[in-house]
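Below are the chains, spelled out letter by letter.
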Amino acid sequence: MKKLFVAILIVIIAAAAVFTFAACNNEKGSIKIIVPDGAPALAIAKMLKDKPQFDKYEITYEIVPGAAEISAKIANGEADFAIAPTNIAANIYNKGTDIRIISANTFGNLYLVGTESVSDLSDLKGEVVYNIGMGGTPDLTFKYILNQMGIEYFASDVADETGAKVALHYVSSGAELIPLLKTGNAKFGILGEPAVSQALKNVSGSIRLFAIHDLWADVTEGLDYTQAVFVGRKDAIDKYEGIVEWLSDLLDENVDWIAANPAEAQAALADAGSTLTVALNKQIIRACNIGFVPAKYAKSDINAYLTAMASFNAAAIGGKMPEDTIYYQ
Amino acid sequence: MNKAKLKSIIVRFSPLITVGVFILIWYIAAIAVDIELILPRPALVFKELLALISGKTFWTAVGGTLSRSFTGFAISFALAMILAVAGFAIKPIHRAFSPLVIISRAIPTMSVILLSLIWLTSQTSPILISSLIMFPMFYSDFYSALNNIDKGVIDMAKLYKVGAKDIVTRLYIPNILPSVLDSVRSGISFNVKIVIAAEVLAQTRQSMGISMQISRVMLDTASLLAWTAAAVAISYALELIVELIKRFAVKWRRA
């Protein structure tokens, strides 16, 4: 009987611990804005540097390692606003966290790099194209473009001998692809800036063949490739009146600032703990394609983007198309 | 029902009770957190698991991961056995190989993974990683198992002119078998873990690792946990098989 009592006690203690742990996430005294490391962090570079404060509220700006942290922190309320990959924003919304997409902020930093020149995507039939992250958005985007162009593909690390299909092969990040291009094991690969610039610098004879956002525009009749968006939790938007307009102005201002001040932008990121090591210049910043388009104008582009991602696997956007309420009006 | 009987029933089902308590804590935690993306409820994960099992991609992924695990396992096992026997029979060989064993034991798993991604393909690097990590563990286990055999018994066998074949089949093999099977048992599920980790980083097609990674990228935590449960079940099944072989082998040894 004693043992049973001890066992029940342990369960109660564990449950209590979990409750307190869950509860402390909800308390916060200030506003927090987070951004994933890498090129998307450029979207708030000036804010990372100036740390502007809204009214009487204290705002903290933070770089986090990636999309997984963004989604977790927005979902549990630790952060209020964030730059998030567009499909992740839809995902968070569909999984029950009430958020709003405030603006579209990055318009494509993916490029197809090759050590051999091709003039048309169909020239890649019979070749192996490396991509970063199987099942991720670069993969789904490229497959979507190939589908729209009527080019067949299959997953393989060896090329199709008959030359009828494009072989798609995957690495987990740009850092692994660059050595493969250098040794000649890979001839074509899709990379995100600033890894593209790093590859072009390190791999002799490599060229930037296509911008994925240009190919996207080709197959979607000129739509923007809305890769990442700025989102806010509905409760924070309601609580801090006027903050969306205030933040929108800052995001808009940042676009011109990073274009004019690459070195300062880099320093701002480094100070905030970014692991970005490539020396940024005006050209790389331009290739990162940071912009600012309010949600109401970017809505149709974002919807097309989400529809395309969901056409492969609805799980990529959290199961279904989000309702129109996701767009901040 | 008397007290002793009740006690024996509790002892017998205690692992199941632990699993039940674990799921209960999970359930309470999931309700407390109440965010599916961070911690989905057990029921959702089981539903996801059932959906996975009924799909074809699940079995190709499991098959791929298991075949890579077995290949890596077989390579490290064979290599460790050959070298342990050679090192046991001829001591200078053991000394000569000791740096290799020390290096392979000390080398950080992550650097083996990262290096092999540069050197090998996504299909082969999990195999290399698993064999490199399993090899030193097997080698030291096998070598000490051989050394633990009572020298006196072997000397006596030699004194009585027992044939070399009989010494091997009736003395060495039966004596090292239990500890070899013990290390196989603990190694086999550890190996599956390593292969899955390697598959995530190598982006191996048709693997449990890449399936977990895709679930993660899509923020599908329920599916990630379902894959995890599947991996646990598979490891457990493998250990159980080894355990059965061990019981069978012990019987054979006694016969």
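Residues numbered from 1 in each chain as written. Chains lettered and ligands numbered in written order. Predicted model: local features only at pLDDT ≥ 70, side-chain atom pairs only at ≥ 80, totals over all residues. Heavy atoms only, no water.

A. Looking closely at the overall build of chain B. Along chain B, the regular secondary structure elements total 10 helices and zero strands. Projected onto its principal axes, the C-alpha coordinates of chain B cover approximately 75 × 65 × 30 Å. Looking at chain B as a whole, 40% of its 255 residues are labelled buried. For chain B, the proportion of contacts with a sequence separation of at least 24, taken over those separated by at least 6, is 73%. Surface summary for chain B: the accessible area is close to 14300 Å², and the carbon and sulfur share equals 71%. (Helix = DSSP H or I, 4+ residues; strand = E, 2+ residues; numbered from the N terminus. Buried < 20%, exposed > 50% of the residue type's maximum accessible area, 1.4 Å probe, protein only. Contact = heavy atoms within 4.5 Å. Areas by Shrake-Rupley, 256 points an atom, 1.4 Å probe, with all protein chains shown as cover.)

B. Quick look at the pairing of strand E2 (residues 59–64) of chain A. All names here are of chain A. Note that strand E1 (residues 31–36) and E2 share six bridges and pair parallel. Pairing of Ile-31 across the sheet is with Ile-59, part of E2. In this fold, the crossover linking E1 to E2 by way of helix H2 (residues 45–50) has right-handed handedness. (Pairing = 2+ DSSP bridges. Right-handed = clockwise from strand over helix to strand, strands pointing away.)

C. Region of interest: the interface of chain A and chain B. Every contact between the two is made by 33 residues of chain A and, on the other side, 28 residues of chain B. Surface buried jointly by chain A and chain B totals about 2600 Å² across both partners, of which 71% is contributed by carbon and sulfur atoms. Viewed at the interface, chain B and chain A are joined by one salt bridge. With its nearest N and O atoms 3.4 Å apart, the salt bridge here joins Asp-157 of chain A to Arg-205 of chain B. For the pair chain A and chain B, the interface holds five residue pairs in polar contact (both at pLDDT 80 or more). Considering each element in turn, the side of chain A that touches chain B owes the most residues, six residues, to helix H1 (residues 2–24) of chain A. Split into classes, the residues belonging to the side of chain A that touches chain B amount to 20 nonpolar, 10 polar and three charged. (Buried area = accessible area lost by both parts, 1.4 Å probe. Salt bridge = Lys/Arg side-chain N within 4 Å of Asp/Glu carboxyl O. Polar contact = N/O pair within 3.5 Å; in protein donor to acceptor, adjacent residues only side chain to side chain. Nonpolar A, V, L, I, M, F, W, Y, C, P; charged D, E, K, R; others polar.)

D. Main features of the domain arrangement of chain A. All names here are of chain A. Each domain of chain A was delimited in the assignment, giving domain 1 (26–107 + 226–277 + 289–326) and domain 2 (110–219). Centre-to-centre, using C-alpha coordinates, domain 1 lies 28 Å away from domain 2. Residue-level contacts link 13 residues of domain 1 with 12 residues of domain 2. Viewed at the interface, domain 2 and domain 1 are joined by zero salt bridges. Linking domain 1 with domain 2 are one residue pair in polar contact (both at pLDDT 80 or more), by the criterion used here. Considering each element in turn, the side of domain 1 that touches domain 2 owes the most residues, four residues, to helix H13 (residues 295–310). (Domains from an automatic or database assignment.)

E. Expanded view of the sheet that holds strand E12 (residues 290–294) of chain A. Residue and element names in this part refer to chain A. An order of E2-E1-E3-E11-E4-E12 is seen for the six strands of this open sheet, with the pairing classed as mixed. Lying at the two open borders of the sheet, with one neighbouring strand each, are E2 and E12. Averaged over all neighbouring strand pairs, the angle between strand axes comes to 30°, with direction disregarded. When E1 meets strand E3 (residues 81–85), the two strands line up parallel, connected through two bridges. (Axes fitted to C-alpha atoms, helices over the stretch in contact; angles between N-to-C directions.)

F. Examining the packing of helix H5 (residues 109–119) of chain B against helix H6 (residues 125–147) of chain B more closely. All names here are of chain B. Packing of H5 against H6 brings their axes to within 9 Å, and their N-to-C directions diverge by 150°. By the angle between their directions, the pair H5 and H6 is classed as roughly antiparallel. The interaxial crossing formed by H5 with H6 has right-handed handedness. The residues of H6 that touch H5, namely those facing Thr-109, Val-112, Ile-113, Ser-116 and Leu-117, are Ser-125, Leu-128, Ile-129, Leu-132 and Ile-133. Its residues assigned to classes, the contact of H5 with H6 comprises seven nonpolar, three polar and no charged. (Parallel < 35°, antiparallel > 145°, perpendicular 65-115°, else oblique. Left-handed = near helix turned anticlockwise from the far one by under 90°.)

G. Seen up close, helix H8 (residues 164–202) of chain B. Residue and element names in this part refer to chain B. Compared with an ideal rise of 1.5 Å per residue, which puts 39 residues at 57 Å, H8 spans 47 Å between its outermost C-alpha atoms and falls more than 12% short. At Leu-177, H8 is deflected by roughly 40°, the largest bend along its length, and proline Pro-178 occurs up to four residues later in sequence. Looking one or two places after H8, you find Gln-203, whose phi comes out positive at around 55°. (Expected span 1.5 Å × (residues − 1). Bend = angle between axes of the 7 residues up to and from the residue.)

H. Representation of the environment of Phe-97 of chain B. Residue and element names in this part refer to chain B. As for its position among the elements, Phe-97 is in helix H4 (residues 91–106). Residue classification places Phe-97 among the partly exposed residues on the basis of a relative accessible area of 25%. Sequence separation between Phe-97 and Ala-237 is 140 residues; the distance between their C-alpha atoms is 34 Å.

I. Just the domain arrangement of chain B, in detail. All names here are of chain B. Along its sequence, chain B is organised into domain 1 (1–34) and domain 2 (40–254). For domain 1 versus domain 2, the distance between C-alpha centres works out to 31 Å. Facing the six residues of domain 1 at the interface are six residues of domain 2. Together domain 1 and domain 2 conceal approximately 500 Å² of surface at their shared face, both sides included; 76% is due to carbon and sulfur atoms. Counting the contacts that link domain 1 with domain 2 gives one salt bridge. We note a salt bridge from Arg-41 to Asp-34, for which the minimum N-O separation is 3.5 Å. Taken together, the connections running from domain 1 to domain 2 amount to two residue pairs in polar contact (both at pLDDT 80 or more).

J. Local environment of unusual backbone geometry. Here the bond from Glu-193 of chain A into Pro-194 of chain A is cis, since omega is 5°, no more than 30 degrees from zero. Its location among the elements puts Pro-194 of chain A in the loop between strand E9 (188–192) and helix H7 (195–202).

K. Geometry of the side chain of Asn-87 of chain A. Looking at the element boundaries, Asn-87 of chain A is found in helix H4 (residues 86–94). Excluding residues within four positions of it along the chain, Asn-87 of chain A makes contact with Thr-137, Tyr-305, Leu-306, Ala-316 and Ile-317 of chain A.

L. Region of interest: the packing of helix H3 (residues 56–89) of chain B against helix H9 (residues 208–217) of chain B. All names here are of chain B. The N-to-C vectors of H3 and H9 enclose an angle of 130°; their axes lie 7 Å apart at closest approach. By the criterion of interaxial angle, the relationship of H3 to H9 is oblique. Across the interface between the two elements, Ala-61, Val-62 and Thr-65 of H3 pack against Met-208, Gly-209 and Ser-211 of H9. Grouping the amino acids of the contact of H3 with H9 by side-chain chemistry returns three nonpolar, three polar and no charged.

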